[in-house]
Amino acid sequence: QKEVEQNSGPLSVPEGAIASLNCTYSDRGSQSFFWYRQYSGKSPELIMSIYSNGDKEDGRFTAQLNKASQYVSLLIRDSQPSDSATYLCAVKGRITNAGKSTFGDGTTLTVKP
Amino acid sequence: GAGVSQSPRYKVAKRGQDVALRCDPISGHVSLFWYQQALGQGPEFLTYFQNEAQLDKSGLPSDRFFAERPEGSVSTLKIQRTQQEDSAVYLCASSPPGGKNTGELFFGEGSRLTVL
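Nothing here was measured: the structure is a model prediction, and the numbers come from that model. (Residues numbered from 1 in each chain as written. Chains lettered and ligands numbered in written order. Predicted model: local features only at pLDDT ≥ 70, side-chain atom pairs only at ≥ 80, totals over all residues. Heavy atoms only, no water.)

(A) Expanded view of the overall build of chain A. Looking only at helices and strands, one finds zero helices and eleven strands in chain A. The secondary structure elements of chain A, listed N-terminal to C-terminal, are β-β-β-β-β-β-β-β-β-β-β. A globule of 113 residues ought to have a C-alpha radius of gyration of about 13 Å, and chain A, at 13 Å, matches this closely. Each principal axis of the C-alpha distribution contributes one length, and for chain A these read about 40 × 30 × 25 Å. Counting all 113 residues of chain A, 46% fall into the buried class. Looking at chain A alone, contacts between residues at least 24 apart form 54% of all its contacts between residues at least 6 apart. (Helix = DSSP H or I, 4+ residues; strand = E, 2+ residues; numbered from the N terminus. Rg over C-alpha atoms; globule rule 2.2 N^0.38 Å. Buried < 20%, exposed > 50% of the residue type's maximum accessible area, 1.4 Å probe, protein only. Contact = heavy atoms within 4.5 Å.)

This is the structure we're talking about:
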């Protein structure tokens, strides 16, 4: 079992819909959680970070964290074709800046016009 | 530039050759990470520096892989006697000092290595 699990997809949604991306992790000591977007042939780009239970909203993006269930999700409202990319979930063990992030294999999202 | 800079962007090596990949992090970022990304997979951790100290090298796949950051800024990942399974994109990322946004990674464009 991988430390960070994501559905590989592909996930396809129509333009304007809500896209829901899910991630589970195995290390209960994890403290920091991130979503990165990666366009084909490009490097990952940070879009959201979340450190405490609950929801965090930034524009059309909402990250949700449930540490008891070891679950983190990303909602994209009003999805646009430009949101078509692979979304990587990453988890870090300690609240300090030290230490690595562990990535899932990503979920590929396609937004159809 | 303002971002993480990596070179070369593309490298083709014959099996058995040595390669060196360079990373210049964002100014002021003390933490620097190397990741390896195979096609269709997420980035896999290789090694991590805080300033010039290599604090974690648990992800380096073999003793053919070596990384250094002698002055706490630019880092070099060296792969000796390359093998075909080393073909991947090598990503460098830097992270700002601790504070509100701890652990956020800022990636360079990557170095794509192809071993023939």
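(B) Representation of the state of the cysteines in the model. Residue and element names in this part refer to chain B. Inspection of the entire model under this criterion finds two disulfides over all chains. Through a disulfide, Cys-23 is tied to Cys-92; the S-S separation comes to 1.9 Å. Between Cys-23 and Cys-92 the sulfur-sulfur dihedral comes to about -70°; the bridge is accordingly left-handed. Taken together, the residues span a long stretch of sequence, with Cys-23 in strand S3 (residues 19–24) and Cys-92 in strand S9 (residues 88–95) at a distance of 69 residues. Of the two residues, Cys-23 and Cys-92, both sit in the buried class. (Disulfide = S-S within 2.5 Å.)

(C) Structural detail: the environment of B:Tyr90. Residue and element names in this part refer to chain B. By the secondary structure assignment, Tyr-90 is in strand S9. Residue class for Tyr-90 comes out buried when judged on its relative accessible area of 0%. Measuring from C-alpha to C-alpha, the distance between Tyr-90 and Ser-75 comes to 13 Å, with 15 residues separating the pair along the chain. Apart from residues no more than four positions distant in its own chain, Tyr-90 is found in contact with Gln-6, Leu-21, Trp-34, Tyr-35, Gln-36, Leu-46, Phe-65, Leu-77, Ile-79, Gly-110, Ser-111 and Leu-113.

(D) Molecular detail of the sheet that holds strand S7 (residues 61–66) of chain A. Residues and elements named next belong to chain A. Read across the sheet, five strands follow the order S1-S3-S8-S7-S6 without closing on themselves; strand pairing throughout is antiparallel. Both edges of this open sheet fall to strand S1 (4–6) and strand S6 (54–58), since each of them pairs with a single strand only. With direction set aside, neighbouring strand axes in the sheet form an average angle of 20°. As paired strands, S6 and S7 are joined by five bridges and run antiparallel to one another. Looking at the pairing, Glu-57 lines up with Thr-62 of S7. (Pairing = 2+ DSSP bridges. Axes fitted to C-alpha atoms, helices over the stretch in contact; angles between N-to-C directions.)

(E) Up close: the interface of chain A and chain B. With 23 residues of chain A at the contact, the number on the chain B side is 28 residues. A buried area of about 1,800 Å², summed over both sides, lies between chain A and chain B, and 48% of it is on carbon and sulfur atoms. At the surface where chain A touches chain B, the tally comes to zero salt bridges. Contributions of two or more residues to the side of chain A that touches chain B are made by strand S4 (32–38), strand S5 (45–50), strand S9 (85–92) and strand S10 (101–103) of chain A. Of the residues forming the side of chain A that touches chain B, the biggest block, four residues, is contributed by S4(A). Within the side of chain A that touches chain B, the residues separate by chemical class into nine nonpolar, nine polar and five charged. (Buried area = accessible area lost by both parts, 1.4 Å probe. Salt bridge = Lys/Arg side-chain N within 4 Å of Asp/Glu carboxyl O. Nonpolar A, V, L, I, M, F, W, Y, C, P; charged D, E, K, R; others polar.)

(F) A look at the sheet that holds strand S7 (residues 65–68) of chain B. All names here are of chain B. The four strands are arranged S1-S3-S8-S7 in an open sheet whose pairing can be described as antiparallel. Each having just a single partner strand, strand S1 (5–7) and S7 make up the two edges of the open sheet. Across this sheet, the average inter-strand angle for adjacent strands is 15°, counted without regard to direction. As paired strands, S3 and strand S8 (residues 75–79) are joined by five bridges and run antiparallel to one another. When the sheet's bridge partners are listed, Val-19 is paired in S8 with Ile-79.

(G) Structural context of the pattern of salt bridges. Residues and elements named next belong to chain A. One pass over the structure, following the stated rule, counts five salt bridges over all chains. Close ionic contact of Arg-37 with Glu-45 constitutes a salt bridge, the shortest N to O distance being 3.1 Å. Arg-37 gets classed as buried once you look at its relative accessible area, which sits at 13%. What makes Glu-45 partly exposed here is its relative accessible area of 38%. We note a salt bridge from Asp-83 to Arg-60, for which the minimum N-O separation is 2.9 Å. In this pair, Asp-83 sits in the loop between strand S8 (71–76) and S9 while Arg-60 sits in the loop between S6 and S7, placing the two residues 23 residues apart along the sequence.

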